[in-house]
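Analysis of the macromolecular model
Here's the letter readout for the chains.
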Amino acid sequence: MNGQGDAMRDVATDEGYVTADGRKIGGVAMEMRNITLRFGGVVAIKDISFDIRWGEIRAIIGPNGAGKSSMLNVISGFYHPQEGDVIFKGYKRPKMRPYQVARMGIARTFQNIALFEGMSVLDNIMTGRLHHMKANLFQQAMWWGSAQREEDANREQVEKIIDFLEIQHIRKTPVARLPYGLKKRVELARALAAEPSILLLDEPMAGMNVEEKEDMSRFILDVNDEFGTTTVLIEHDMGVVMDLSDRVVVMDYGKKIGDGTPEEVRNNEDVIKAYLGVAHE
Ligand SMILES: Nc1ncnc2c1ncn2[C@@H]1O[C@H](COP(=O)(O)OP(=O)(O)OP(=O)(O)O)[C@@H](O)[C@H]1O
């Protein structure tokens, strides 16, 4: 299983390492360097540093109000911190607009599902391809052939994801008619359609029953395995986090109190005190 502790790692260089179950984790994809984020007088994130490696599943956990969502929004580029730097692919990332973030290859799902309820599953997933579409209406009219080829390529990618996430049977169904767990899977499909280099999942299991959680866990692991997708997730369900993640950042009151493999985090006194020791959902 993932995250067996440092002792189980074969290699620990800047080029990455190999997990106990043989997955290759690459070098640093993104580095959060001394990040501080304030909302007026509220300090949501206080001087936090950590990194995200290519190919890993990285979790951010912590009690309510710890600053997890704020951190995910900094990673996604939606919030720009007042202090500190985000280093992405080796470069300091400037303040960006949302469409620029999407072009950088960062896709996300939301805590409260954000799909087009009246549209079919297929059309919702196609919206994930928008920034891959180059042909505008004029080009589509003038160079029908190339626009058609682009459309075919987009459809092919979307069909691949539909097959992979086992949602062929609902591809024509309007999203509004789907049960909650399937909506979450469609949201994952839409994010994957963007072919992200980093996938951000905001509480992917929230509100799910046990069976739905098991399915979603399997898909997150399979996506990582099949496409090598670097994944960052926020999640309240501790069992899920410990099973899925290679490394875990623990936040409390805006500070980082732990960072390591699930094993290391589980045995961290501060974490036990702040988070694991209290009943939490
Ligand atoms: N847009 C905002 N404006 C003002 N304060 C905010 C905003 N977003 C977050 N905060 C505050 O920042 C702190 C961290 O909030 P955040 O939502 O990041 O925590 P969280 O760990 O994701 O919590 P939860 O688990 O409840 O979702 C809280 O005190 C919150 O009230």
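Higher on the page you've got the structure.
Keep in mind that what you see is a predicted model, and the values were worked out from it rather than measured.

What to know about the pattern of salt bridges
- Overall, the coordinates contain 17 salt bridges when judged by the stated rule.
- Measuring nitrogen to oxygen at the nearest pair gives 3.3 Å for the salt bridge that ties Glu 117 to Lys 183. One end of the pair, Glu 117, is in the loop between β8 (106-108) and α3 (121-127); the other, Lys 183, is in helix α6 (residues 180-193), with 66 residues separating them in the sequence.
- Residue Glu 117 is classed as partly exposed on the basis of its relative accessible area, which comes to 33%.
- Asp 215 is the salt-bridge partner of Arg 185, the closest N and O atoms lying 3.8 Å from each other. Residue Arg 185 is located in helix α6, and its partner Asp 215 is located in helix α7 (residues 210-227); the two are separated by 30 residues in the primary sequence.
- For Asp 215, a relative accessible area of 25% gives the class partly exposed.

With respect to the pairing of strand β9 (residues 198-202)
- Extensive coverage of β9 is indicated by the burial of five of its five residues.
- Going residue by residue along β9, you find Ile 198, Leu 200 and Asp 202 tucked away on one face and Leu 199 and Leu 201 tucked away on the opposite face as well.
- As paired elements, β8 and β9 share three bridges and run parallel to each other. In the sheet register, Arg 108 faces β9, and the bridge partner there is Leu 200.
- Bridge count for β9 against strand β10 (residues 230-234) is five bridges, and the pairing is parallel. Bridge pairing in β10 places Leu 199 opposite Thr 231.
- The handedness of the β9 to β10 crossover, carried by α7, is right-handed.

Conventions and cut-offs
Residues numbered from 1 in each chain as written. Predicted model: local features only at pLDDT ≥ 70, side-chain atom pairs only at ≥ 80, totals over all residues. Heavy atoms only, no water. Salt bridge = Lys/Arg side-chain N within 4 Å of Asp/Glu carboxyl O. Helix = DSSP H or I, 4+ residues; strand = E, 2+ residues; numbered from the N terminus. Buried < 20%, exposed > 50% of the residue type's maximum accessible area, 1.4 Å probe, protein only. Pairing = 2+ DSSP bridges. Right-handed = clockwise from strand over helix to strand, strands pointing away.

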